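For reference, the chains in residue letters:
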Amino acid sequence: MAEVLVVVEATKEFGVKKVTLEMLTLARELGTPSAVVLGGSGAAEALSAKLGEYGAEKIYAAEGAEIDGYLVAPKATVLAELVKRVQPAAVLLASAQEGKEIAARLAVKLDNGILTDVVGLDADGTATQVAFAGSTIVKSKVTKGLPLVTVRPNSVNPTPAPATPAVEQLTVAVTDADKLAKVVDRVAEQKGSRPELTEASVVVSGGRGVGNADNFKLVEELADLLGGAVGASRAAVDSGFYPHQFQVGQTGKTVSPQLYVALGISGAIQHRAGMQTSKTIVAVNKDGEAPIFELADFGVVGDLFKVVPQAAEEIRKRK
Amino acid sequence: MNIVVLVKQVPDSGADRNLRSDDNTVDRGSANNVINEMDEYAIEEALKIKEAHGGEVTILTMGPDRAAESIRKALSMGPDKAVHVVDDALHGSCAVATSKVLAAALGQLNADLVICGAESTDGRVQVMPHMIAERLGVAALTGARKLTVDGATLTVERQTEEGYEVVTASTPAVVSVWDTINEPRYPSFKGIMAAKKKPVQTLSLGDLGVAPTEVGFDGATSAVLEHTKRPPRSGGAKITDEGEGGVKLVEFLATEKFV
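Keep in mind that what you see is a predicted model, and the values were worked out from it rather than measured.

Glancing now at the overall build of chain B. When helices and strands are tallied, chain B shows 8 helices and 13 strands. Projecting the C-alpha coordinates of chain B onto the three principal axes gives extents of approximately 65 × 45 × 40 Å. Looking at the 259 residues of chain B, the share that counts as buried comes to 49%. Counting only contacts in chain B whose residues sit at least 6 apart along the sequence, the fraction spanning at least 24 positions is 70%.

Okay, here's the thing in C-alpha cells:
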C-alpha cells in the first residue's frame, strides 16, 4: 500500500498533539501511515514512541535551526521534496494555523489542490468538510494532484495500532528564499496544565455575564473539575476578561468537543459559529430568552454565581 | 511605503449563508455582501503605517462586479485608490488559482507591504497570504496581533496556540492580521464622499496575462461534489434555577457520563 504522509503537530510541553493521532488513525484507512516531523533538533526521537503506538510505520524527520528558526517556508520545501520522492497516496496536516500554511505553500509548489477543515476522508479521496460555521456539510475532492487535506481536530476517534517505526533523517535542502521570515523569539503564555482549546473533549466558556477577569476563576474551576479547556466569548475577550487566544467564535477558535459548557454567554451568531458542532451543549444564563438555549441540550436559567459554585461542589461530592 | 491591502467581499457572517445548488459556489444573492471583517483590521493597520511613515494605500479586490460596493466602502475608511480584478472567467476559482491571479496583480503594483486579514469569514481557509508569498518569493508574516515597522524591517507578534512568536523580515513582505491588532475606524461622512471620487482601476485576466483556462471551474484544483444543510440544533431541557440548578446540571452531566 502506498504511504500516507502525516505531518506531526506537537508541542514541547505535551508532546504529540491529539490531532496527530487522529490523522494517523485516518491515514490507516488510506494506506500505510508515515509521520513527518519538522522541528528542532531531536524532535523526532522524543515523539517516536507515541507515533508508533498509533500506527506510524515510518518517521521522516527534518530537524534543526534551519527548519524551526523560520516561519513555515522551510517546512514546506522539505515536505514538497519528500512528496515528490515517495509519491504518497495523500498528505494530511492539522487544520490549524501552521498546518494550513504549510499546506498552502505545498499546494503552490506542486500545483496541487487543497482542502481544509476536513472532518472525514474516504479511500477514494472524497473529503467531508463543514462550512459556514457548521451549518453546511460539503463533500469535495482534490481534482488536481494528490489529496492534500488539513484535518480538523476532534474529527476522528484516535485508536492505537502499535508499529515500530524507523526514523529516516531527511537531508535538508532549504534555500535562502525559505529564510525570509526569521523567528527571533517564542514566548509561552499562561495556560497551565489544561488541554488545548481546539483539542479538548470538554470546553467550559465564559461570556459577558462572567462580569470581570477575576470571576473567570469560576469558569476555570469548573473546567478543571471536568478536565476541560477554558474558552471565552468575543464579548468577554473584548472586555479584557480573558486572553484572545481562548476566544471561541467566528473570529476565534472553532471547537467541536464532546461537551461544551456556556456560562453567561448569550449565544450571538459570532459565538455559535465557533461551537455549534459540539456534541453536547450545556448553558447557564440569567436571561431565559438568550439564543444559547436554542442550542443547549440542557439549560439552566439562573445566576451563574449561584449555579456554578453549586455544580462544582456537587462534582466534588461525586468524585 | 507602498502598501496594498487585500479586501474580499463575503456574505455577511451574521446571516444565513449557503452554497448555490446549481454550481456549488458561495451564494452571493442570499445574504448581504460585506467586506470580510478581518480585512477592516488590515485596512486600519495600513492607514496607521501610512500616517506614521508616509506612502500610499491601495485596495486590491478580486471579485464580481458587485464587489465594487465593498471597494467603495473600503476606500471610505481612507485608502488612496483601488484595483478591482474582475472577469467572468474567474467564477468558480479555487484558492490555488485565486492566489495566481492576486500574485499577478500584485506583480504590477510594486508593493513594499501587502496586508490582509488572517482569514475570510466565508471560507476560513487561511491559505492566501502564504500562497501569494510563495508565488512572489517574498516573506510572509502571518497571524499578527502586533506589527512594527522600522525602515524596511517588519516585526510581528504572531499569535500561536502556546503564546506568541516574534518574527521579523525585510520588505517586500505579506503580513496577515487578526482582529486583536487594532480597532478599525469608522468611515467619516467626509471619507464616504471622498471615496466616490477615488480612482478604481479594473483589470481583466488579459491585463494580468493569466489565461481563462487557468482559473474558474476549468482551472480549479478541487471541486465541491455535493453539499447539504445540517438540520438546525433544537434546544433540549431548560430549567429555571430555584436553588437546585447546579445540582440538576451535574445530574444531567452524570447521565451523559461527563461526571
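It is worth spelling out the domain arrangement of chain A at this point. Residues and elements named next belong to chain A. As assigned here, chain A comprises domain 1 (3–179) and domain 2 (202–318). Taken together, the contact between domain 1 and domain 2 spans 4 residues of the former and 7 residues of the latter. Residues belonging to the side of domain 1 that touches domain 2 are distributed by class as follows: 2 nonpolar, 2 polar and no charged.

What UniProt calls "domain: Electron transfer flavoprotein alpha/beta-subunit N-terminal" (unreviewed entry) maps, in this numbering, to residues 23–212 of chain B. Annotated as residues 23–212 of chain B, this span is 33% helix and 29% strand, and its ends, taken at the C-alpha atoms, are 18 Å apart.

This part takes up the packing of helix α6 (residues 216–225) of chain A against helix α9 (residues 304–318) of chain A. All names here are of chain A. In contact at an axis separation of 10 Å, α6 and α9 are set at 25° when each is read in the N-to-C sense. It follows from the interaxial angle that α6 and α9 lie roughly parallel. Here α6 runs over α9; the crossing is left-handed. Packed against α6, whose contacting residues are Leu218, Glu221, Leu222 and Leu225, the element α9 presents Val308, Pro309, Ala311, Ala312 and Ile315 at the interface. Each residue belonging to the contact of α6 with α9 can be placed in one class, and the counts come to 8 nonpolar, no polar and 1 charged.

All right, on to the sheet that holds strand β12 (residues 182–188) of chain A then. Across a sheet, strands are paired by hydrogen bonds formed along the backbone, either parallel or antiparallel in direction. Reading across from one edge, β12(A)-β9(B)-β8(B)-β7(B)-β10(B)-β6(B)-β1(B)-β4(B)-β5(B)-β11(B) is the order of the 10 strands in this open sheet, with mixed pairing throughout. The sheet is open, and its two borders are formed by β12 of chain A together with β11 (200–203) of chain B, each paired with just one other strand. Shown here is a sheet whose adjacent strand axes are inclined to one another by a mean of 30°, direction ignored. Bridge count between strand β7 (residues 139–150) of chain B and strand β10 (residues 173–177) of chain B: 4 bridges; the pairing is parallel. Note that in β10 of chain B the partner of Ala144 of chain B across the bridge is Val177 of chain B. Each of β6 (113–117), β7 and β10 of chain B is contacted by helix α4 (residues 128–136) of chain B, which is oriented at about 85° to β7 of chain B, the strand it contacts most.

With that settled, the discussion passes to the nonpolar core. Judged by nonpolar contacts, the single largest core of 142 residues is most densely connected at Val6, Val36 and Leu92 of chain A together with Val5, Leu141 and Val175 of chain B. Residue contributions to this core peak at 8 residues, all from helix α3 (residues 95–109) of chain B. For Val36 of chain A, the residues in contact, after removing those within four places along its chain, are Leu5, Val6, Val7, Val8, Tyr60, Leu79 and Leu82 of chain A. Membership of the second largest hydrophobic core comes to 50 residues, among which are Ala200, Ile281, Val282 and Ala296 of chain A.

Time to look at the sheet that holds strand β16 (residues 280–285) of chain A. Strand order across the open sheet formed by 6 strands is β14(A)-β13(A)-β15(A)-β16(A)-β17(A)-β13(B), with parallel pairing between neighbours. Lying at the two open borders of the sheet, with one neighbouring strand each, are β14 (229–232) of chain A together with β13 (237–240) of chain B. In this sheet, adjacent strand axes meet at a mean angle of 15° when their direction is disregarded. Inspection of the sheet shows strand β15 (residues 259–263) of chain A paired to β16 of chain A by 5 bridges, in the parallel sense. Bridging across to β16 of chain A, Val261 of chain A finds its partner in Val282 of chain A. The strands touched by α6 of chain A within the sheet are β13 (202–206), β14 and β15 of chain A, with β13 of chain A carrying the most contacts at an inclination of about 170°.

Looking now at unusual backbone geometry. Here the bond from Thr171 of chain B into Pro172 of chain B is cis, since omega is 0°, no more than 30 degrees from zero. Within the secondary structure, Pro172 of chain B sits in the loop between β9 (163–170) and β10. With a phi close to 60°, Val72 of chain A is a non-glycine residue in the positive phi region. Summarising the element assignment, Val72 of chain A is placed in the loop between α3 (65–68) and α4 (73–86). You will see that Asp111 of chain A, though not glycine, has its phi angle at about 50°, which is positive. With respect to the helices and strands, the residue Asp111 of chain A is situated in the loop between α5 (97–110) and β7 (115–121). Among the residues examined, Asp111 of chain A registers 11 C-beta atoms within 10 Å and is labelled exposed.

The next thing to look at is the UniProt feature "domain: Electron transfer flavoprotein alpha/beta-subunit N-terminal" (unreviewed entry) in chain A. The UniProt feature table records "domain: Electron transfer flavoprotein alpha/beta-subunit N-terminal" (unreviewed entry) at residues 4–187 of chain A. Split by type, residues 4–187 of chain A is 29% helix and 33% strand. Its first and last C-alpha atoms lie 33 Å apart.

Attention shifts here to the environment of Leu71 of chain A. Note that Leu71 of chain A resides in the loop between α3 and α4. For Leu71 of chain A, a count of 28 C-beta atoms within 10 Å translates into the label buried. Ignoring anything within four residues of it in the chain, the contact list for Leu71 of chain A reads Ala181 and Val183 of chain A together with Ala140 and Val167 of chain B.

The pairing of β16 of chain A with strand β17 (residues 298–301) of chain A spans 4 bridges and is parallel. Along β17 of chain A, the bridge assignment pairs Val284 of chain A with Val300 of chain A.

With that settled, consider the interface of chain B and chain A. At the interface, 68 residues of chain B touch 77 residues of chain A. Of the residues in the side of chain B that touches chain A, the class split is 29 nonpolar, 22 polar and 17 charged. By the bridge criterion, 7 bridges tie strand β9 (residues 136–142) of chain A to strand β12 (residues 222–229) of chain B in an arrangement that is antiparallel. Residue pairing for β12 of chain B: Val138 of chain A is matched across the bridge by His227 of chain B.

A few words now on the packing of α4 of chain A against α5 of chain A. All names here are of chain A. Here α4 crosses α5 at 50°, and the two axes come no closer than 9 Å. Taken together, the axis directions place α4 and α5 in an arrangement best described as oblique. Where α4 crosses over α5, the two elements pack in a sense that is right-handed. Along its contact with α4, which presents Ala73, Lys75, Ala76, Leu79, Ala80 and Val83, the element α5 presents Ile102, Arg105, Leu106, Lys109 and Leu110. Partitioning the contact of α4 with α5 into residue classes produces 8 nonpolar, no polar and 3 charged.

Bringing the confidence of the model for chain B into the picture now. If pLDDT is low for a region, its predicted coordinates should not be looked at in detail. Here chain B averages 96 in pLDDT, while 100% of its residues score no lower than 70. In the model output, the complex is listed with pTM 0.93 alongside ipTM 0.95.

Among all positions in helix α8 (residues 245–255) of chain B, only Gly245, Gly246, Lys248, Leu249, Val250, Phe252 and Leu253 of chain B are buried. Where α8 of chain B is buried, its residues touch β16, β17 and α9 of chain A together with β13 of chain B. Remark: Lys257 of chain B follows α8 of chain B within two positions and exhibits a positive phi of approximately 65°.

Rules of the game
Residues numbered from 1 in each chain as written. Chains lettered and ligands numbered in written order. Predicted model: local features only at pLDDT ≥ 70, side-chain atom pairs only at ≥ 80, totals over all residues. Helix = DSSP H or I, 4+ residues; strand = E, 2+ residues; numbered from the N terminus. Buried ≥ 20, exposed ≤ 12 C-beta atoms within 10 Å, placed from the backbone. Contact = placed C-beta atoms within 7 Å. Domains from an automatic or database assignment. Nonpolar A, V, L, I, M, F, W, Y, C, P; charged D, E, K, R; others polar. UniProt positions renumbered as here; feature names shortened; annotations may be inferred. Axes fitted to C-alpha atoms, helices over the stretch in contact; angles between N-to-C directions. Parallel < 35°, antiparallel > 145°, perpendicular 65-115°, else oblique. Left-handed = near helix turned anticlockwise from the far one by under 90°. Pairing = 2+ DSSP bridges. Core = buried A, V, L, I, M, F, W, Y, C linked by C-beta atoms within 7 Å. pLDDT = per-residue confidence, 0-100.

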